[in-house]
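Survey of secondary and tertiary structure
Here are the chains, one letter per residue:
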Amino acid sequence: MNRKAPLTILTDESMYLKEAIEKELPGTKHALCIWLIAARFPSWFDAVLGERYNSWRNEFDRLYNMESTMEFDLGWSDMMNSYGLHGNGHIASLFASRTLWALPYLRGQFFAGLLASPETSKSISVFIQRFSSAQTRLAHFIEQVSL
């Protein structure tokens, strides 16, 4: 990458990656991969919502693609009320971290179209796993993929 830091990096919710990016690449925008987050939804919400899970998921997807942060926040509040999700730890955590994954909060950042497609995110994840392991240092990983 010619000693240039990437403009953005999509990761999972690992605090270690978050800290490493902040330390080693302070000018890089860190965002969370929605595909990795959404993959956990069935285990988080299926039992809580039951038959309403698919309806909730459609509402979540609609909110994710909102144009403005105000619309997103208002819609989130309505969703919480409609589905009785107040007090749910997962939903609270999602909302608290929305600036890292929700499309309205990430507009204007360069992601090469990766935010909109779960399939693209999954294929990128498979590609990255070829170059990394738990012991891979971030700087070494960047050197490997930039060759």
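Given the structure is predicted, the values throughout are model-derived calculations rather than measurements. (Residues numbered from 1 in each chain as written. Predicted model: local features only at pLDDT ≥ 70, side-chain atom pairs only at ≥ 80, totals over all residues. Heavy atoms only, no water.)

1. Digging into the packing of helix α4 (residues 53-64) against helix α5 (residues 69-83)
Geometrically, a packed helix pair is captured by the angle between its two axes and the distance between the axes. In contact at an axis separation of 10 Å, α4 and α5 are set at 170° when each is read in the N-to-C sense. Comparing the axis directions of α4 and α5 gives the class roughly antiparallel. Between α4, through S55, W56, E59, F60, L63 and Y64, and α5, the contact on the second element is made entirely by F72, G75, W76, M79 and Y83. For the contact of α4 with α5, the residue count by class is eight nonpolar, two polar and one charged. (Axes fitted to C-alpha atoms, helices over the stretch in contact; angles between N-to-C directions. Helix = DSSP H or I, 4+ residues; strand = E, 2+ residues; numbered from the N terminus. Parallel < 35°, antiparallel > 145°, perpendicular 65-115°, else oblique. Contact = heavy atoms within 4.5 Å. Nonpolar A, V, L, I, M, F, W, Y, C, P; charged D, E, K, R; others polar.)

2. Details of the packing of aromatic side chains
We describe a pair of aromatic rings using the distance from one ring centre to the other and the angle between the two ring planes. Considering all chains together, one arrives at 16 aromatic pairs under this definition. An angle of 75° between the planes, with centres 5.1 Å apart, marks the rings of F41 and W56 as edge-to-face. Taken together, the positions of F41 in helix α3 (residues 41-49) and W56 in helix α4 put the pair 15 residues apart, joining distant regions of the chain. Neither residue differs from the other here; F41 and W56 are each classed as buried. The rings of F41, W44, F45, Y53, W56, F60, Y64, F72, W76, F95, W101 and Y105 are connected pair by pair, giving a single aromatic cluster. Sitting above the plane of the F95 ring, R98 keeps its charged end 3.8 Å from the centroid. (Phe/Tyr/Trp six-rings, centres within 6.5 Å; stacked < 30°, edge-to-face > 60°. Buried < 20%, exposed > 50% of the residue type's maximum accessible area, 1.4 Å probe, protein only. Lys NZ or Arg CZ within 6 Å of the ring centre and 35° of its normal.)

3. Description of the environment of F60
Among the secondary structure elements, F60 is positioned in helix α4. Note: C-alpha distance between F60 and W76 (16 residues apart in sequence) is 8.2 Å. Filtering out sequence-adjacent residues up to four positions away, F60 remains in contact with I34, F41, W76, M79 and W101.

4. So, the environment of A92
Of note, A92 is situated in helix α6 (residues 89-96). Look at A92 and you get partly exposed, because its relative accessible area is 45%.

5. Section: α5
Compared with an ideal rise of 1.5 Å per residue, which puts 15 residues at 21 Å, α5 spans 21 Å between its outermost C-alpha atoms and is within 8% of the ideal. Listing the buried residues of α5 in full gives F72, G75, W76, M79, M80 and Y83. Relative to the axis of α5, the buried residues are bounded by an arc of 145° and lie together on one face. Turned more than 90 degrees away from the buried face of α5, the exposed residues are M70 and L74. Looking at the buried positions of α5, the neighbouring elements they touch are α3, α4, α6, α7 (98-101) and α8 (103-106). Residue G84 follows α5 closely and has a positive phi angle near 60°. (Expected span 1.5 Å × (residues − 1). Arc of directions from axis to C-beta.)

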